[in-house]
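Commentary on secondary and tertiary structure
Chain by chain, the residues:
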Amino acid sequence: MTDTIRSRSVALYAPLGSFAVDRGPAAYAPALCQAIGASLTGLLFNIEANATPSADGLSLSAQEQQARDRDQANAANAAQLEQRCSALSVPARTVTAIDHSQGLINYIADHARLHDVLITGSRRSGPLSDRIMAENLLFETGRPLLVVPEAHDGQFAARRIVAAWDNSRNAARALGDALALLPQIEDVVLLTVGDEKTILSTLDQADLVAGIARRGIAASVEQRSLNGRKIGEALQDTAIELDADLLVMGGCGHSRLRDFLLGGATISVLDNPRLPVLLSH
């Protein structure tokens, strides 16, 4: 046995087109790593499929130059991220070359599986948008996914979290992932939203609160109505109302196919995240 405490590791997916070192996922990731003592792997790729199409046809040489310019811009993003991490004393490395042999999603997922959490955004531009990638990576990595709004100021905090709670496996997985990853948590609000929501459990609210309190964390239970809103909107409205730093929720409530076809809380939140959201599946 050893008394060595192993550090955590965080992966960031921030491709060219949605990278910004002063806001959004690429700003949030180094701040999170500094707060929890983690190293960072930045997966920064030039996804040409997401490039804005030119109104005029480009010659082959012009297309090649455009590709070189995009590669140089992506390399500059990697350098900015490494410099930002260095300033925060966060160990970091960047990966900018893509192995397309197994597909982009599989390549990112292979990296993410070796980390404690994957951070990404939800920008919706392009056929391989951050939004589409986030939805797929949630199901493929086996790791929690932390989605950060593009306009977020990049500051990390996790003093109070609101956890969507329906006593399901996914909800428990998400809450457990958050508690294991974020030692800064002081206050947990277990939130149930739904006018006719019935939670099947042998535990009452006092049991739930006591179970979390044994960790030295304050806890409470909230029940809210939809009031005509989508459930994702209601979850985020309440989290913001309760001054939460982070919304925590299970990746989907039913089958994967049903969530893809019918929507649900996961889809609603990914469509328009308004605060950092940690999802687990």
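For the structure, see preceding data.
A word on helix 1 (residues 24-36)
Taking 1.5 Å as the rise per residue, helix 1 with 13 residues should run 18 Å; its terminal C-alpha atoms sit 18 Å apart, in good agreement. Counting buried positions along helix 1 yields 11 of 13 residues, so the element is predominantly enclosed. For helix 1, the complete set of buried residues consists of Gly24, Pro25, Ala26, Ala27, Tyr28, Ala29, Pro30, Ala31, Leu32, Cys33 and Ile36. Following helix 1 by one or two positions, Gly37 has its phi on the positive side, about 70°.

Quick notes on the sheet that holds strand 6 (residues 160-164)
In space, the 10 strands of this open sheet follow the order 3-2-1-4-5-10-9-6-7-8, with mixed pairing throughout. A strand with exactly one partner marks an edge of an open sheet, and here the two such strands are strand 3 (92-95) and strand 8 (218-224). Strand-to-strand, the axes of this sheet are offset by a mean angle of 25°, without reference to chain direction. In the sheet, strand 7 (residues 187-193) pairs with strand 8 via 7 bridges, with the strands oriented parallel. Paired with Thr192 across the two strands is Gln223, which belongs to strand 8. Each of strand 1 (8-13), strand 2 (38-43) and strand 3 is contacted by helix 2 (residues 60-87), which is oriented at about 170° to strand 3, the strand it contacts most.

As for the pairing of strand 1
Counting buried positions over the 6 residues of strand 1 gives 5, a clear majority of the element. Pairing between strand 1 and strand 2: 6 bridges, direction parallel. Directly across from Leu12, in strand 2, lies its bridge partner Gly42. As for the winding sense of the linkage, the β-α-β connection from strand 1 through helix 1 to strand 2 is right-handed. As paired elements, strand 1 and strand 4 (residues 117-120) share 3 bridges and run parallel to each other. What sits directly across from Val10, in strand 4, is Val117.

Notes on the pattern of salt bridges
This structure, assessed with the given rule, holds 12 salt bridges. A salt bridge links Glu150 to Arg123; the nearest nitrogen and oxygen atoms lie 3.8 Å apart. One end of the pair, Glu150, is in the loop between strand 5 (145-147) and strand 6; the other, Arg123, is in the loop between strand 4 and helix 4 (130-140), and 27 residues separate them in sequence. For Glu150, a relative accessible area of 34% gives the class partly exposed. Note that Arg160 is salt-bridged to Asp187, the shortest N-O span being 2.7 Å. Pair noted here: Arg160 is in strand 6 and Asp187 is in strand 7, with a separation of 27 residues, a long-range link. Residue Arg160 is classed as partly exposed on the basis of its relative accessible area, which comes to 22%.

A short note on unusual backbone geometry
In this structure, Ser89 is a non-glycine residue whose phi angle is positive, near 60°. Here Ser89 is to be found in the loop between helix 2 and strand 3. One non-glycine residue, Asn227, lies in positive phi territory at about 55°. Position of Asn227 relative to the elements: it lies in the loop between strand 8 and helix 7 (231-241). With a relative accessible area of 62%, Asn227 lands in the exposed category.

Conventions and cut-offs
- Residues numbered from 1 in each chain as written.
- Predicted model: local features only at pLDDT ≥ 70, side-chain atom pairs only at ≥ 80, totals over all residues.
- Heavy atoms only, no water.
- Helix = DSSP H or I, 4+ residues; strand = E, 2+ residues; numbered from the N terminus.
- Expected span 1.5 Å × (residues − 1).
- Buried < 20%, exposed > 50% of the residue type's maximum accessible area, 1.4 Å probe, protein only.
- Pairing = 2+ DSSP bridges.
- Axes fitted to C-alpha atoms, helices over the stretch in contact; angles between N-to-C directions.
- Contact = heavy atoms within 4.5 Å.
- Right-handed = clockwise from strand over helix to strand, strands pointing away.
- Salt bridge = Lys/Arg side-chain N within 4 Å of Asp/Glu carboxyl O.

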